[in-house]
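Secondary and tertiary structure notes
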Number of protein chains: 2
Amino acid sequence: MPFDPGVPLLEHIATMLPSLRPSERQVANTVSEDAAFVVASTMAAVAEAAGVSEPTVMRFCTSLGFDGFQQFKLALAQSLALGLPSTLSAISAEDSVSELATKVFDHTISSLDRTRRYLDAVSLGAAIDAILGATSMTVAGLGASGVIALDVEQKAVLFGVPCSVPSDSHQQFMAAALAEPGQVFLVVSNTGSTSTILQIARRARDNGATVVAITGDETSELAGIADVTIAVKTFEDTDRDTPTVSRIASLVIVDVLATAVSLRRGAAHAARLASMKEQLAAFRRLT
Amino acid sequence: MPFDPGVPLLEHIATMLPSLRPSERQVANTVSEDAAFVVASTMAAVAEAAGVSEPTVMRFCTSLGFDGFQQFKLALAQSLALGLPSTLSAISAEDSVSELATKVFDHTISSLDRTRRYLDAVSLGAAIDAILGATSMTVAGLGASGVIALDVEQKAVLFGVPCSVPSDSHQQFMAAALAEPGQVFLVVSNTGSTSTILQIARRARDNGATVVAITGDETSELAGIADVTIAVKTFEDTDRDTPTVSRIASLVIVDVLATAVSLRRGAAHAARLASMKEQLAAFRRLT
DNA sequence: CTCGGGTCTGTAGTCAAACTACACAGACTC
DNA sequence: GAGTCTGTGTAGTTTGACTACAGACCCGAG
């Protein structure tokens, strides 16, 4: 059974732990406790650190689905590069500033990595096509998701369609009530179950607009309402207070959408953007 | 000279290229063209692919500052895990949706990695202390940086100080004109040279507020004005139309600040946040 | 309680790959 | 034009990954 690179390695080891032999578990513990040491060491050194023989280390690697120790070491090095998954490096009040920063960055990066792996190209493609064919786009998002909506507004020029971002739920609902076929309604909600947002999405869809949802839960009610659902898989933030990583992942998704739509619009669109950029640079200096 | 892991490896190779010997450059090209192959291969295979002898490959590794081929391979594997830097995987109109998504994510992830590496813990610590000791916080940012300002507003509860985010430049200037000692003025500007923002920052500082700058250019005029400057190093976005990656990096920095400040405020603050969270969850379902 | 089968773990050995010492070839200088 | 120095490949050595095998332990059955 070959190792699936889609699952973070240290997580994979934890999963496999029960099915490993006793001495192999000692190796697993050694790896979990100081992965950096293992990456830098030879098989003999790892064997000694774990208190077992070399072939046991070898067996540990093959049990995990690798061809050998070398391959395992390479995979371990790669998983370390993304930073330790949040589950393995909980944030505590005793952390120094630089530890804290490293942990938050690690967490964000490995979350983005996960989002990338679980991303559905078909849904993305459908969303891009919908925007390319739309007469206008309206973005709805409340609270934290409102930040994403504002980001879409910043990128409106890339999308190349009139793009409105009503700021509060009443304005968003009014826009949904006035929605027409040919319009795209981009609805952002991490939970996918905020009732206000659901009403807005439902109304927009009933009026014939194409509803594109960006949500963290693809089984949510919002996903059921939307014509196209883009799932944003991240690590859960149970111990954190604001869903920052999911917000950042959504921003990257919006970036993908904007880039794709802009590219598909062709050269004339690109030229207009370049011109806009120049004028903006001049404006920045003057005002 | 040991290799500095702070610089992405493939970039480092490109930098070192002129100082390499001709045959070593062939190795460098082979590595740049198909890094994944090199990671999976032995020294002999790489030597053959590059059309040189094994010791030349070895010399190439030592020239880059590594102890040997093994160490180089490990480092290469790690840099691959972060995705290829944008310079090596330019976005083109012919890309499929999934290629495009991968490239945008790769670019974002490796940019965040760079930001993390260049982050200055001292500045961050100074910013955290400033916010902890402040009576109130005002956030100023225009255009794309306005999104960051809005994100700070979302996290205001974490900071635990009254937090105002004037939406346009005139309101921001008025707030700066009314600034007093004890207040923190968080100024966000990627370029650090937008004249409006500079005037706002200068006025806030002259009125005695502590000015904390988040900027992409630590040599900018804004950095000179601010009491504390947090530099957000990312890859340059010359071929892209909106500075999305720098915006995302800044968001993560804000997340670090918010998390740190929140933790330092202690248990009572944490309890209030938990209570707020519960009430918000109920509100989401009802409205 | 003892005997047999099966599983687990370490010992010894082999092979391949990384690393090193050296010699030759080409180029540049004096 | 000769000498020296830089650059590159050849041949050899060593180390570490991988493999075959044997001993030890555990469990169940007689």
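For clarity, every value in this text was computed on a predicted model and none was experimentally measured.

Neighbouring strands of a sheet are bound in pairs by backbone hydrogen bonds; such pairs are parallel or else antiparallel. Residues and elements named next belong to chain B. Ordered in space as β2-β1-β3-β4-β5, the five strands form an open sheet in which the pairing is parallel. In the strand order of this sheet, the two ends are held by β2 (163-164) and β5 (228-231), each with one partner. Relative to strand β3 (residues 183-189), strand β1 (residues 136-141) runs parallel, the two sharing six bridges. Counted as the bridge partner of M137 is V184 from β3. Set on the sheet, helix α8 (residues 121-132) makes contact with β1, β3, β4 (210-215) and β5; between it and β5 the angle comes to about 130 degrees.

Turning our attention to the pairing of β5 of chain B. Residue and element names in this part refer to chain B. Alternating residues of β5 divide into V228 and I230 and T229 and A231, and every residue in both groups is buried. Across four bridges, β4 lies against β5 in parallel orientation. If you follow A213 over to β5, its bridge partner there is T229.

Our focus in this paragraph is the interface of chain A and chain B. Contact residues are listed per partner, giving 70 residues for chain A and 70 residues for chain B. Counting the surface chain A buries against chain B, the share from its top three residues, V97, F105 and R116 of chain A, is 12%. In this assembly, chain A and chain B are joined by four salt bridges. For R116 of chain A, the salt bridge identified is with D106 of chain B, shortest N-O distance 2.0 Å. Where chain A touches chain B, the interface holds twelve residue pairs in polar contact (both at pLDDT 80 or more). Its residues placed into classes, the side of chain A that touches chain B shows 32 nonpolar, 22 polar and 16 charged.

With that settled, the discussion passes to the protein's contact with DNA strand D. Neighbouring DNA strand D are 16 residues, the closest being M43 and F69 of chain A together with R21, S23 and T56 of chain B. One nitrogen or oxygen atom from the side chain of R21 of chain B is found 3.0 Å from a phosphate oxygen belonging to DNA strand D. At a separation of 3.1 Å, a base nitrogen of DNA strand D approaches a polar side-chain atom of R59 of chain B. Broken down by secondary-structure element, the contributors of at least two residues to the surface near DNA strand D are α4 (43-50), α5 (54-63) and α6 (69-81) of chain A together with α2 (22-33) and α5 (54-63) of chain B. Looking at the surface near DNA strand D element by element, the count peaks at three residues for α5 of chain B. Partitioned by chemical class, the residues of the surface near DNA strand D number eight nonpolar, six polar and two charged.

We now examine the domain arrangement of chain A. Residues and elements named next belong to chain A. By the assigned domains, chain A splits into domain 1 (9-81), domain 2 (86-116) and domain 3 (120-282). Measuring from the centre of the C-alpha atoms in domain 2 to the corresponding centre in domain 3 gives 27 Å. Across the contact, nine residues belong to domain 2 and twelve residues belong to domain 3. Of the roughly 930 Å² buried between domain 2 and domain 3, counting both surfaces, carbon and sulfur atoms make up 67%. On the domain 2 side of the contact with domain 3, H107, R114 and T115 bury the most area, a combined 48% of that side's loss. Applying the counting criterion to the domain 2 and domain 3 interface returns zero salt bridges. At the surface where domain 2 touches domain 3, the tally comes to one residue pair in polar contact (both at pLDDT 80 or more). A class-by-class count of the residues in the side of domain 2 that touches domain 3 yields two nonpolar, six polar and one charged.

Let's shift gears to the protein's contact with DNA strand C. The environment of DNA strand C is formed by 16 residues, the closest being S23, P55 and T56 of chain A together with M43 and F69 of chain B. Of what DNA strand C places within 4 Å of the protein, 69% of the atoms are sugar or phosphate. R59 of chain A is positioned with one of its side-chain polar atoms (N or O) 3.2 Å from a base nitrogen of DNA strand C. Contact between DNA strand C and F69 of chain B: a phosphate oxygen at 2.7 Å from a main-chain N or O atom of the residue. At the level of elements, α2 (22-33) and α5 of chain A together with α4 (43-50), α5 and α6 (69-81) of chain B are the ones that each hand at least two residues to the surface near DNA strand C. When residues of the surface near DNA strand C are assigned to their parent elements, the largest contribution, three residues, is made by α5 of chain A. Of the residues contributing to the surface near DNA strand C, the split by class is eight nonpolar, six polar and two charged.

With that settled, consider helix α14 (residues 244-264) of chain A. All names here are of chain A. With 21 residues, α14 should reach 30 Å at 1.5 Å per residue; the first-to-last C-alpha distance of 30 Å fits that figure. α14 sits mainly inside the fold: 19 of its 21 residues count as buried. At the C-terminal side of α14, G266 shows a positive phi close to 95 degrees.

Overlaying chain A with chain B gives an RMSD of 0.8 Å, the required rotation being 180 degrees about an axis along which the chain moves by 0.1 Å. As the rotation angle and translation indicate, the two copies are arranged about a two-fold axis. In terms of C-alpha distance to the rotation axis, chain A has Q78 of chain A as its closest residue, with the C-alpha 2.5 Å off the axis. When the interface residues of chain A are mapped onto chain B, 100% of them again fall at the interface, so both copies present the same face.

Now for the packing of α6 of chain A against α6 of chain B. The geometry of α6 of chain A relative to α6 of chain B is characterised by a closest axis approach of 7 Å and an angle of 45 degrees between their N-to-C directions. In terms of their interaxial angle, α6 of chain A and α6 of chain B are classed as oblique. The way α6 of chain A lies across α6 of chain B gives a crossing that is right-handed. Of the residues in α6 of chain B, those touching α6 of chain A at Q70, K73, L74, A77, Q78, L80 and A81 of chain A are Q70, K73, L74, A77, Q78, L80 and A81 of chain B. Residues that form the contact of α6 of chain A with α6 of chain B fall into these classes: eight nonpolar, four polar and two charged.

Residues and elements named next belong to chain B. Considering the arrangement of structural elements, one finds Q199 in helix α12 (residues 195-206). Taking the relative accessible area as the measure of exposure, Q199 reaches 42% and is therefore partly exposed. Taking C-alpha positions, Q199 is 9.8 Å from I225, a pair spaced 26 residues apart along the chain.

Rules used in this analysis
Residues numbered from 1 in each chain as written. Chains lettered and ligands numbered in written order. Predicted model: local features only at pLDDT ≥ 70, side-chain atom pairs only at ≥ 80, totals over all residues. Heavy atoms only, no water. Pairing = 2+ DSSP bridges. Helix = DSSP H or I, 4+ residues; strand = E, 2+ residues; numbered from the N terminus. Contact = heavy atoms within 4.5 Å. Axes fitted to C-alpha atoms, helices over the stretch in contact; angles between N-to-C directions. Buried < 20%, exposed > 50% of the residue type's maximum accessible area, 1.4 Å probe, protein only. Buried area = accessible area lost by both parts, 1.4 Å probe. Salt bridge = Lys/Arg side-chain N within 4 Å of Asp/Glu carboxyl O. Polar contact = N/O pair within 3.5 Å; in protein donor to acceptor, adjacent residues only side chain to side chain. Nonpolar A, V, L, I, M, F, W, Y, C, P; charged D, E, K, R; others polar. Near = heavy atom within 4 Å. Domains from an automatic or database assignment. Expected span 1.5 Å × (residues − 1). Least-squares fit on C-alpha atoms with pLDDT ≥ 70 in both. Parallel < 35°, antiparallel > 145°, perpendicular 65-115°, else oblique. Left-handed = near helix turned anticlockwise from the far one by under 90°.

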